[in-house]
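So you can see what is in the structure, the chains are spelled out below.
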Amino acid sequence: GQPVRLSVQVHPYAGNRRMLLTRDITALEQAEAMRRDFVANVSHEIRTPLTVLAGFVETLQNLPLDAQERARYLALMSQQSHRMETLVNDLLTLSRLEAGAAPPANRWTPVRALMAQCEDEARGLSTRLSAQGHRLSFTVQADSEIAGVSTELQSAMSNLLSNAIRYTPGGGEVAVSWRLLPDGRGEYAVRDSGPGIAAEHIPRLTERFYRIDRSRSRETGGTGLGLAIVKHVAQRHGAELRIESVVGKGSRFALVFPVTRLRQAPQLSVAA
Ligand code: ADP
């Protein structure tokens, strides 16, 4: 990588006083270390499914397998390729969000439409992950619209909901709600009856690839990038991400949006 330059300089106009200008390089060093960690993490995340895939290909080439065994191997290979695809998609989303300009503030997206899409995805995921599913509920207390980029809003909301489902055992409760706070801001919240998160982990959850339960994350198709994406979408929309959790009881993730308005009733044209 690039060496970190700039530490101490003699100011050319300081005359005889030879003024020294120092610049704190810790921030630069930290940024560089984070970049190195990120590259190492990405490489590892891609190498794991690739190794598994290569192993299956070799098995298929070298072992005389019957049709049923072949089908089983092919299904596992397809699973690993999907995992890599999801990871690469999340990485692209994240880098787009990090590079992007502030979103236009004047596009209005109805909360009900966002919630409907969340609900469809959630029901599918819930039945895929557990035979009995989850007790899901969706409540919209005020028919509102949020200012921002609807695909980003959708992705942030879906990420919080899919986490709640993925980390809450089957039969558990997941409640999704939208309401206006007394100060006029709009709050999207996902509450679950899952395992909860110990306080020391909470400040680090939005770091890329930070996971508490690695195996649960993998088994349920996690990339470790979901909450990093949520954080960036929140920042771009001036929204606040609130996380509350009690170990053994459950968690509550909320996004509080500053710019919302009540949905305009459709104009009725009355025939004379
Ligand atoms: P992942 O793809 O691993 O779920 P995320 O960035 O979405 O990545 O989440 C980071 C970590 O935060 C997860 O690995 C998990 O340990 C924890 N987590 C997120 N949501 C919940 C939740 N609702 N309940 C318990 N743990 C959670």
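First things first, this report covers the structure right here in the doc. The residue numbers shown here count from 1 along each chain, following its written sequence. It should be noted that, the model being predicted, local features are given only for residues of pLDDT at least 70 and side-chain atom pairs only at 80 or more, the latter also being counted only at that level, while totals for whole chains, interfaces and linings use all residues. The basis for the side-chain values is all heavy atoms of the structure; hydrogens and waters are excluded.

**Observations regarding the sheet that holds strand β10 (residues 260-262)**
- Being paired, for any two strands, means DSSP has found at least two bridges between them. Numbering of helices and strands runs from the N terminus; a helix is a DSSP stretch of H or I covering at least four residues, while a strand is a stretch of E covering at least two. Overall, antiparallel pairing links the three strands, which are arranged β3-β5-β10 in an open sheet. Of all the strands in the sheet, just β3 (108-110) and β10 have a single pairing partner and so form its edges. Recorded for the sheet is a direction-independent mean angle of 30° between the axes of neighbouring strands.
- Whether two residues touch is decided by their heavy atoms; if any such pair falls within 4.5 Å, the residues are in contact. Inter-axis angles, ranging from 0 to 180 degrees, are taken between N-to-C directions of lines fitted to C-alpha atoms, where helices are fitted over the stretch in contact. Across the sheet, helix α3 (residues 111-129) is in contact with β3 and β5 (144-147); its angle to β3 comes to roughly 55°.

**Considering the pairing of strand β6 (residues 173-180)**
- When strand β4 (residues 135-140) meets β6, the two strands line up parallel, connected through six bridges. By the bridge assignment for β6, Thr139 is matched with Ser177.
- Two strands pair when backbone bridges link them, and β6 and strand β7 (residues 186-192) are joined in this way by seven bridges, in the antiparallel orientation. Counterpart to Trp178 in the pairing with β7 is Tyr188.
- Counting the residues between successive antiparallel strands, the hairpin from β6 to β7 contains five residues, one of them, Gly184, with a positive phi of roughly 95°.

**Here we look at the environment of Leu50**
- Relative to the helices and strands, Leu50 resides in helix α1 (residues 26-62).
- Taking relative accessible area as the criterion, Leu50 reaches 43% and is therefore assigned partly exposed. Relative accessibility under 20% of the residue-type maximum defines a buried residue, over 50% an exposed one, and the middle range a partly exposed one, all with a 1.4 Å probe and only protein chains included.

**Focus on the site of the ligand**
- Residue proximity to a molecule or strand is established when one non-hydrogen atom of the residue lies within 4 Å of it. Close contacts around the ligand come from 20 residues, with Tyr167, Asp192, Ser217, Gly224 and Leu227 the closest.
- Contact between the ligand and Thr223: an oxygen atom at 2.9 Å from a main-chain N or O atom of the residue.
- Polar contact criterion, stated in full: a pair of N or O atoms within 3.5 Å, where within protein one must be able to donate a hydrogen and the other to accept it, and residues adjacent in sequence count only if both atoms are side-chain atoms. Within the backbone of Gly224, one N or O atom sits 2.8 Å away from an oxygen atom of the ligand.
- Computed with a 1.4 Å probe, the accessible areas rest on the Shrake-Rupley method; for each residue, only the protein chains presented here act as cover. Considering the ligand on its own, with 530 Å² of exposed area, one finds that the protein chains cover 97% of that surface.
- Tallying contributions element by element places helix α4 (residues 150-167) first for the shell around the ligand, with four residues.
- Residues are grouped as follows: Ala, Val, Leu, Ile, Met, Phe, Trp, Tyr, Cys and Pro are nonpolar; Asp, Glu, Lys and Arg are charged; all remaining types, including Gly, are polar. For the shell around the ligand, a count of residues per class yields nine nonpolar, seven polar and four charged.

**Some remarks on the nonpolar core**
- The term nonpolar core refers to a set of buried residues drawn from Ala, Val, Leu, Ile, Met, Phe, Trp, Tyr and Cys, joined through side-chain atoms within 4.5 Å. In terms of nonpolar packing, the biggest core is built from 42 residues, with Leu161 and Tyr188 touching the most fellow members.
- Listing elements by their share of this core, those giving two or more residues are α2 (67-99), α3, α4, β6, β7, α6 (226-236) and β9 (250-257).
- In terms of residue count, the dominant contributor to this core is α4 (seven residues).
- Dropping the residues within four chain positions of it, Leu161 is found in contact with Cys118, Ala122, Phe138, Val174, Val176, Tyr188 and Val190.
- Membership of the second largest hydrophobic core comes to six residues, among which are Leu53, Phe56, Leu65 and Met77.

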